[in-house]
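Listed below are the residues making up each chain.
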Amino acid sequence: MDKVDWIAALSDSQHELIYNAFSFAVAAMGIGFVYFLVSRNRVAPQYRSAVTMSAMICGIAAYHYWRIFGQFADGGTWNEGYRYADWLLTVPLLVAELVVVSGLSKEAAKKTTPRLVVAALLMIATGYPGETAAGGSSTRTVWGIISSIFMLYVLYELFAGEVGKALKSQSGEVGSKLNNVRYLLLLTWGVYPIAYILGDSSSWLSETLGLSGSEASTAIQFGYTIADVLAKPGYGLIILGIAIARSNAEGYRAA
Ligand code: RET
């Protein structure tokens, strides 16, 4: 199905659901941007870059959701590139900010962050040619598999590698918040490859679930949007909470 035809094929209620979800995302990202900017001084200087990154992530997403919402409302053209441009910029920041509050030593963080950032970039960049390839094509499958390998590497680092060990070794409020953020990441990241498979109406998952084309596109657009709101402002709030808890424990008092 042509990318524009999918909008025309939606029922009124499907159209309304996606329309409202996009509108909600613009608001959530926009307010997240402001909130994180004004919250920087609540944390000690060594954690401020994490809060700044949350603001950058929400600002980048507010712009892209504004464009996504606009093109959907307009119904004329559909460019999936906005999502991928958004992820290309924000996913590396999401992993980098986690490292800042993870408690990993400075030297270890300097080695790990670039590796995670590059893997996150490659995960998104290699997903794009697959996303825009024809449904049922081997191009779609091959790029999907390559992208998944980078995703597995990132998850390995965050759950079992050095960052994973640093995240797991902490107790108290910080420890439990670090756990929450890791599981939120796992839960939200899981949505993206599933939506990618559902986006191909001839994939085994779409056939097993028996979704019609318009049901699948509604599930994808709604699913991506909710996952993005949880993975950006939602995740940023937990990161801010960790940074505040660490700052307080280290004797920082906000002015
Ligand atoms: C793609 C292509 C198919 C294979 C995989 C993918 C993974 C995407 C992920 C995206 C995460 C985005 C986030 C956005 C935040 O707002 C590219 C769909 C594995 C994990 C966290």
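In the block above lies the structure referred to throughout.
Keep in mind the model is a prediction, meaning the values are calculated, not measured.

## Overview of the overall build of the protein chain
Step number 1: Secondary structure assignment for the protein chain yields 10 helices and zero strands.
Step number 2: Secondary structure elements in the protein chain, listed N-terminal to C-terminal, are α-α-α-α-α-α-α-α-α-α.
Step number 3: By the compact-globule yardstick of 18 Å for 255 residues, the protein chain fits well, its C-alpha radius of gyration being 19 Å.
Step number 4: Its C-alpha atoms give the protein chain principal-axis dimensions of about 60 × 35 × 25 Å.
Step number 5: The contacts of the protein chain with a sequence gap of at least 6 include a subset with a gap of at least 24, amounting to 78%.
Step number 6: Within the protein chain, the 18 negative side-chain charges are centred at a point lying 17 Å from the centre of the 18 positive side-chain charges.

## Topic: the environment of Val34
Step number 1: Structurally, Val34 can be placed in helix α2 (residues 12–38).
Step number 2: For Val34, a relative accessible area of 41% translates into the label partly exposed.
Step number 3: C-alpha of Val34 to C-alpha of Asp86: the two residues are 52 residues apart in sequence and 18 Å apart in space.

## Remarks on helix α5 (residues 106–131)
Step number 1: If you check α5, its first and last C-alpha atoms are 37 Å apart, about what 26 residues at 1.5 Å a residue would give, namely 38 Å.
Step number 2: Thr112 marks the point of greatest bend in α5, at about 25 degrees, and the proline Pro114 comes within the next four residues.
Step number 3: For α5, the secondary structure elements touched by its buried residues are α4 (81–101), α6 (138–159), α7 (162–168), α8 (172–198) and α10 (213–249).

## Details of the packing of aromatic side chains
Step number 1: Under the criterion given, the structure shown has 14 aromatic pairs.
Step number 2: A centroid spacing of 6.5 Å and a plane angle of 85 degrees characterise the contact between Phe72 and Trp78, whose relative ring orientation is edge-to-face. For the pair Phe72 and Trp78, one class covers both residues: buried.
Step number 3: Residue placement shows Arg140 over the ring face of Tyr196; its charged tip is 4.5 Å from the ring centre.

## Structural notes on the packing of α4 against α10
Step number 1: Close contact between α4 and α10 brings their axes to 11 Å; oriented N to C, the two are set at 25 degrees. In terms of their interaxial angle, α4 and α10 are classed as roughly parallel. Crossing geometry of α4 relative to α10 is assigned as left-handed. Here Arg83, Asp86, Trp87, Thr90, Leu94, Glu97, Leu98 and Val101 of α4 lie close against α10, whose contacting residues are Gln221, Tyr224, Thr225, Asp228, Ala231, Lys232, Tyr235, Ile239, Ile242, Ala243 and Arg246.
Step number 2: Its residues placed into classes, the contact of α4 with α10 shows 10 nonpolar, three polar and six charged.

## Thoughts on the pattern of salt bridges
Step number 1: For the structure shown, the criterion picks out eight salt bridges.
Step number 2: The closest approach of N and O atoms between Glu131 and Arg140, which form a salt bridge, is 3.8 Å. Considered together, Glu131 and Arg140 belong to a single accessibility category, that of buried residues.
Step number 3: Put simply, Glu80, Arg83, Asp86, Asp228 and Lys232 are held in one network by salt bridges that share partners.

Here is what the cut-offs are and how they apply
- Residues numbered from 1 in each chain as written.
- Predicted model: local features only at pLDDT ≥ 70, side-chain atom pairs only at ≥ 80, totals over all residues.
- Heavy atoms only, no water.
- Helix = DSSP H or I, 4+ residues; strand = E, 2+ residues; numbered from the N terminus.
- Rg over C-alpha atoms; globule rule 2.2 N^0.38 Å.
- Contact = heavy atoms within 4.5 Å.
- Lys, Arg positive; Asp, Glu negative; His and termini not counted.
- Charge placed at Lys NZ, Arg CZ, Asp CG, Glu CD.
- Buried < 20%, exposed > 50% of the residue type's maximum accessible area, 1.4 Å probe, protein only.
- Expected span 1.5 Å × (residues − 1).
- Bend = angle between axes of the 7 residues up to and from the residue.
- Phe/Tyr/Trp six-rings, centres within 6.5 Å; stacked < 30°, edge-to-face > 60°.
- Lys NZ or Arg CZ within 6 Å of the ring centre and 35° of its normal.
- Axes fitted to C-alpha atoms, helices over the stretch in contact; angles between N-to-C directions.
- Parallel < 35°, antiparallel > 145°, perpendicular 65-115°, else oblique.
- Left-handed = near helix turned anticlockwise from the far one by under 90°.
- Nonpolar A, V, L, I, M, F, W, Y, C, P; charged D, E, K, R; others polar.
- Salt bridge = Lys/Arg side-chain N within 4 Å of Asp/Glu carboxyl O.

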